[in-house]
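Below are the chains, spelled out letter by letter.
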Amino acid sequence: MEKNGDNRKLRVCVATCNRADYSKLAPIMFGIKMEPEFFELDVVVLGSHLIDDYGNTYRMIEQDDFDINTRLHTIVRGEDEAAMVESVGLALVKLPDVLNRLKPDIMIVHGDRFDALALATSAALMNIRILHIEGGEVSGTIDDSIRHAITKLAHYHVCCTRSAEQHLISMCEDHDRILLAGCPSYDKLLSAKNKDYMSIIRMWLGSKEMVRVMRKKGIEHHPNFRAVKHVPFDQFIQLVAHAGCMIGNSSCGVREVGAFGTPVINLGTRQIGRETGENVLHVRDADTQDKILQALHLQFGKQYPCSKIYGDGNAVPRILKFLKSIDLQEPLQKKFCFPPVKENISQDIDHILETLSALAVDLGGTNLRVAIVSMKGEIVKKYTQFNPKTYEERINLILQMCVEAAAEAVKLNCRILGVGIGGGIIHQHELIHGSSFCAAELGHLVVSLDGPDCSCGSHGCIEAYASGMALQREAKKLHDEDLLLVEGMSVPKDEAVSAVHLIQAAKLGNVKAQSILRTAGTALGLGVVNILHTINPSLVILSGVLASHYIHIVKDVIRQQALSSVQDVDVVVSDLVDPALLGAASMVLDYTTRRIC
C-alpha cells in the first residue's frame, strides 16, 4: 500500500442495494478483486436486490462470481413514503451487527437512494471510513437531499463531472479527498456498442407501476411491447445502444445513454437538474397537448454525438489508485473547508479591553508620520521619520513604519482596523468613501494643464503646487540659485532646505518666496472652487502646518473665481492637534464602525 501505515491489505466493504447501483459498483468490485495483494473485498447485499418483484437481482452478483458475505432483507412492503422510512429504520437496526462482524477499513456507498443513506449513517456512527460514489450531482428531487446528506457523512468522494466536483468543494468538502474519476459504468459502456445485440433487442425494462399500467391497458399483448422485471446489464447496454429512443425518468437516460448518442425523452422533473448531452429532450409537465408524442416524433431514430460528460472509460484505475492512497493513520474525524467569514468577536476579556484603532499616515514635505489613533480620536503613539528623497525610499519607509506601529499596537492592546491616508468629504455627517475607497483625493485635482510634475505621475495637480514636498522643491531651487536667504536668515550646512525655510523667507520679504507661496495658495484655491462647484459644501476646513499661510489666498480666489451662489462658504483652519493624522484615521474608523456596529 502507498499510505496504509502498517502495510496490511485494505479491507473494503462494498454495499449494493439495487441493480442500478450495482452497475456502477461492479466495475470497482472487479478491479478490487483483481488486486488481492492490496485489497480484501466484502460484499453486502440489501434492498431491492432481494425482492422477487424486482427480479431477485442478487443472482447477477453471484453470476459475476462474487461471494456475498451478507444478505439483509431491509425493504418494508408498500408504495408510500412511510414504507421508505420504515425500510431505512429496518436497515439501521440490522447493519450494526454486520459491520461489527466484518470490521471494514472503508465502506463504498453509491448514489442517493434511501438504502444508501442507512448504510452511510451506520458506518459514520460506527467510525468506519466512507467512500461515496457520485456525490455532488443535482437531479432535482428528494434524491438531492439524500445524496448531499451522504456527502456530509462520507470521508472520501468519487465524482463523475467537473460540476459535481465544484459542488462538493462548495459544500466545504476537503479538496484533497475528492477524486474526479468519471462514472465507473462508462468503463464498460464505451467498449460495448459493437457487440451482437439481436438476441436481446426485443426486451423492455419497466418498474412495477409501469408494468401494472401496461397490463391494465393490455399493452403487454402488443407484439411491439415487452414487460420484464430485470434485464442483465450487458444486455441492457445493447438495448439502449441500438434503440431508436428511450423514454422514462431514470438517471440512466441522462447519464449512461449519452455514451451512445441514443435519443432520450426524459419525463417529469426527477432528473431535471442533471447535466445532459444534447441527446436529452425534457417533457416536464403532464402530457397535455400530446407533448410526449410530439417529442417522440422529434427524437425517434436520431443519432446524436456520443457524450463523455460522465466519464472517459478510465474511472476504475483512478479509483483503485485513490483507495491505495488512503492513510488509515490519519484522524477519522472529518474536517470541513469553510470559506472565510467575518470574524466573530466573542465575549472575551481581551476583546472587551482592547482599543479599536487605526494607523494614520501623513506624508509631509519634511517628515513622514505614522500614528496609532483610537476610536475616540486620541493619538496613542506617533512615529516620525525624515522624508527620503526618492519615491521608492518613501514607500519602503512608510511600509516599515506601519509594520513597526502594528507590532507596537499589539503590545498596547490596540486592534488595528485599517490604514488611512488622504483628505475627506463629509456628507450628512458621514465620510464619502467612493466605489473603490478613493473618494476625496483632493490633492490630485488638476488645476493647470501645463503645471509641474506630480508624484502621482500626472502634472498640474494641487499637490504639485501646494504640498510640503512641492514647497520644499521650490525652496531648494531658490537656495541652489542663492535666491532663498535674506537678511536675518540662515540655513546650517547639516540641515536640509525645507518648506519651513521658504515660509520664513517670505515672511522676511523675499519676493520670489512670496510669489511661490501665492502660486501654491492660488492652486489650492482653484481646487477648492472646483469642489464648491461640484458638491457645494457648507464648510471647507484647511489643515496642516501650511493651512494658515494659504487661507487668505484661498478666500481671495473664491471671491474672484467662484460662482456667487457658493461664495458665502465658510473657509476655516482646523484647530486640532495633528489634524492630518486624525483625518486619515477617520477614513478607517468611520467605515469600519459602520460595518461592525
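Here is what the cut-offs are and how they apply
Residues numbered from 1 in each chain as written. Predicted model: local features only at pLDDT ≥ 70, side-chain atom pairs only at ≥ 80, totals over all residues. Heavy atoms only, no water. Buried < 20%, exposed > 50% of the residue type's maximum accessible area, 1.4 Å probe, protein only. Helix = DSSP H or I, 4+ residues; strand = E, 2+ residues; numbered from the N terminus. Pairing = 2+ DSSP bridges. Axes fitted to C-alpha atoms, helices over the stretch in contact; angles between N-to-C directions. Contact = heavy atoms within 4.5 Å. Salt bridge = Lys/Arg side-chain N within 4 Å of Asp/Glu carboxyl O. Right-handed = clockwise from strand over helix to strand, strands pointing away.

(A) View of helix α12 (residues 315-324). The buried fraction of α12 is high, at seven of ten residues. Listed as buried for α12 are Ala315, Val316, Ile319, Leu320, Phe322, Leu323 and Lys324.

(B) Structural view of the sheet that holds strand β8 (residues 246-248). Read across the open sheet, the three strands follow the order β8-β9-β10; overall the sheet is parallel. The outermost strands of the open sheet, each flanked by one partner alone, are β8 and β10 (280-283). Shown here is a sheet whose adjacent strand axes are inclined to one another by a mean of 15 degrees, direction ignored. Bridge count for strand β9 (residues 264-267) against β10 is four bridges, and the pairing is parallel. For Leu267, the partnering residue across the bridge sits in β10 and is Val283. Packing of helix α11 (residues 291-299) onto the sheet brings it into contact with β8, β9 and β10, and relative to β10 it is tilted by some 170 degrees.

(C) Just the pattern of salt bridges, in detail. This model, assessed by the stated rule, comprises 26 salt bridges. Two residues, Arg11 and Asp42, come together in a salt bridge whose shortest N-O distance is 2.7 Å. Here Asp42 lies in strand β2 (residues 39-46) and Arg11 lies in strand β1 (residues 10-16), a separation of 31 residues in the sequence. Between Asp53 and Arg77 there is a salt bridge, with its nearest N and O atoms 3.3 Å apart. Highlighted residues: Asp53 in the loop between β2 and α2 (58-63) and Arg77 in the loop between β3 (68-72) and α3 (81-102), separated in sequence by 24 residues. If you follow the salt bridges from partner to partner, you end up with Lys24, Asp112, Glu134, Glu137, Asp144, Arg147, Arg255, Glu256 and Arg274 in one network.

(D) Main features of the pairing of β2. Buried residues dominate β2, accounting for six of its eight residues. Judged from the seven bridges that link them, β1 and β2 form a sheet pairing that is parallel. Across the sheet, the residue bridging to Val12 is Leu41, located in β2. Note that the unit made of β1, helix α1 (residues 19-33) and β2 has a crossover that is right-handed.

(E) Local environment of the sheet that holds strand β13 (residues 379-386). Pairing in this open sheet of four strands is mixed, and the strands run β13-β12-β11-β14 from one edge to the other. The open sheet has two edge strands, β13 and β14 (414-420), and neither has a second partner. Strand-to-strand twist in this sheet, taken as the mean axis angle between neighbours without regard to direction, amounts to 20 degrees. Two strands pair when backbone bridges link them, and strand β12 (residues 367-374) and β13 are joined in this way by seven bridges, in the antiparallel orientation. Bridge assignment links Asn367 to a residue of β13, and that residue is Phe386. Packing against the sheet, helix α14 (residues 391-411) makes contact with β11 (355-363), β12, β13 and β14, and its axis sits at approximately 25 degrees to β12.

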